[in-house]
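Given next are the chains, with one letter for each unit.
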Amino acid sequence: MLIEAQGLTKTYKMGAVDVNALRGVDFSVGKGEFVGITGFSGSGKSTLLHLAGLLDDPTAGSLKIGDTDISGLSDHEKTEFRLRRFGYVFQDYALVSELNAVENVYLPSLARGEDREAAEKHAIEMLEIVGISGRADHLPSELSGGEQQRVAIARALINSPEIMFADEPCANLDSVNSRNVLDLFRKVSEESGQTILMVSHEEWHAEYFERIIRLHDGEIAEDKYL
Ligand SMILES: Nc1ncnc2c1ncn2[C@@H]1O[C@H](COP(=O)(O)OP(=O)(O)OP(=O)(O)O)[C@@H](O)[C@H]1O
């Protein structure tokens, strides 16, 4: 298994009140799966994604990625993990506004130590894959929402991540652009064997997922392959 979580728990302390965002969930995800994390607002979807994506630490429970027990990693090792093995896509795209599309895409390659020329060439290939190489020199403010999200996906994919974590990537997109993103994700998981965990509250997205993990009040209410 690529991801193995046992008893994964997240409790937020809000003054005297404990908010149990995740109440000890068990799940495992294999290589190449395209998994939709669904459920009502506040059910714990983003929390689960952030824990599995090493963007936050659990209050209790264990998490293994491949052979690595995450609890044994230092902060530096977690950063390396995120940079080299994971990619992220968020609903607000999270692009750097001063950098054009191609520069945004090759940022993670520079962080990995690739030289700029090679990184730029690679980034243009990625923009071709997501279908917007013609907009390579545009700033985010000069791109539509759908185009910005495709730049963000190219950036997430440039380091060939083993796992892509996407938190409501279609939230700000119309249905045509949402389908473009979902088609792209499915292609990536089928052709490159990349594993994708995607948070979504849209029922119709299920037609693209291979599996659904449905959360309810911090627990797994349903876990099924489609
Ligand atoms: N930083 C935080 N501090 C306190 N409580 C939090 C924090 N983040 C989330 N929560 C609470 O934890 C619970 C789960 O939140 P989470 O964001 O994971 O849900 P979600 O299913 O992703 O919701 P949505 O669909 O609305 O984004 C909610 O009750 C939320 O209010």
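Here the residue index of a chain counts from 1 through its sequence in written order. It should be noted that, the model being predicted, local features are given only for residues of pLDDT at least 70 and side-chain atom pairs only at 80 or more, the latter also being counted only at that level, while totals for whole chains, interfaces and linings use all residues. Only heavy atoms go into the side-chain values, all of them from the structure, while hydrogens and water stay out.

Student: Got a minute to help me understand the confidence of the model for the protein chain in this structure?
Tutor: In low-pLDDT regions, the fine details of the predicted coordinates are not to be read closely. Mean pLDDT for the protein chain: 94, with 100% of residues reaching 70 or above. On the interface metric, ipTM, the complex scores 0.97, and its pTM is 0.94. As a per-residue measure, pLDDT reflects the predictor's confidence and takes values from 0 up to 100.

Student: Sorry if this is basic, but what is going on with helix α4 (residues 116–129) here?
Tutor: Since the α-helix packs 3.6 residues into each turn, any two residues three or four apart lie on the same face. Compared with the 20 Å implied by 1.5 Å per residue over 14 residues, the 20 Å span of α4 between its first and last C-alpha is a close match. A 1.4 Å probe rolled over the protein chains alone gives each residue an accessible area, and that area as a share of the maximum for its type sets the label: buried under 20%, exposed over 50%, partly exposed in between. Secondary structure elements are defined from DSSP: runs of H or I of at least 4 residues count as helices, runs of E of at least 2 residues count as strands, and each element is numbered from the N terminus. Taken together, the buried positions of α4 are Ala119, Ala123, Met126 and Leu127. For α4, the arc enclosing every buried residue in end-on projection is 100 degrees, short of the 170-degree limit, so these residues lie on one face. Away from its buried face, by an angle of more than 90 degrees, α4 presents the exposed residues Glu117, Lys121 and Glu128. The inward-facing, buried residues of α4 abut α3 (101–111) and α5 (145–157). If you check the start of α4, you find a side-chain oxygen 3.1 Å away from the backbone N of Glu117, and it comes from Asp115. Of the residues trailing α4, Gly131 is marked for its positive phi of about 85 degrees. To estimate the expected span of a helix, count its residues, drop one, and scale the result by 1.5 Å. The arc in question is the one spanned by the directions pointing from the helix axis to the C-beta atoms. Here a residue-residue contact requires only that any non-hydrogen atoms of the pair lie within 4.5 Å. Polar contact is the term for a pair of N or O atoms within 3.5 Å; when the atoms are in protein, one must be able to donate a hydrogen and the other to accept it, and sequence-neighboring residues count only if both atoms are side-chain atoms.

Student: Explain the site of the ligand here, please?
Tutor: Neighbouring residues of the ligand: Tyr12, Met14, Val19, Ala21, Phe40, Ser41, Gly42, Ser43, Gly44, Lys45, Ser46 and Thr47. Within the backbone of Ser46, one N or O atom sits 2.9 Å away from an oxygen atom of the ligand. The separation between an oxygen atom of the ligand and a polar side-chain atom of Thr47 is 2.5 Å. In these tables, accessible area is a Shrake-Rupley quantity obtained with a 1.4 Å probe, and a residue counts as shielded only by the protein chains included in the view. About the coverage of the ligand: the protein hides 60% of its 640 Å² of free accessible area. When contributions to the shell around the ligand are tallied by element, the ones reaching two or more residues are β1 (3–14), β2 (17–29) and α1 (45–52). When residues in the shell around the ligand are grouped by element, the largest group, 3 residues, is from α1. When residues are grouped by polarity, Ala, Val, Leu, Ile, Met, Phe, Trp, Tyr, Cys and Pro land in nonpolar, Asp, Glu, Lys and Arg in charged, and all others, Gly among them, in polar. Residues of the shell around the ligand, tallied by class, amount to 5 nonpolar, 6 polar and 1 charged. Whether a residue is near a molecule or strand depends on its heavy atoms: it is near if one of them lies within 4 Å of it.

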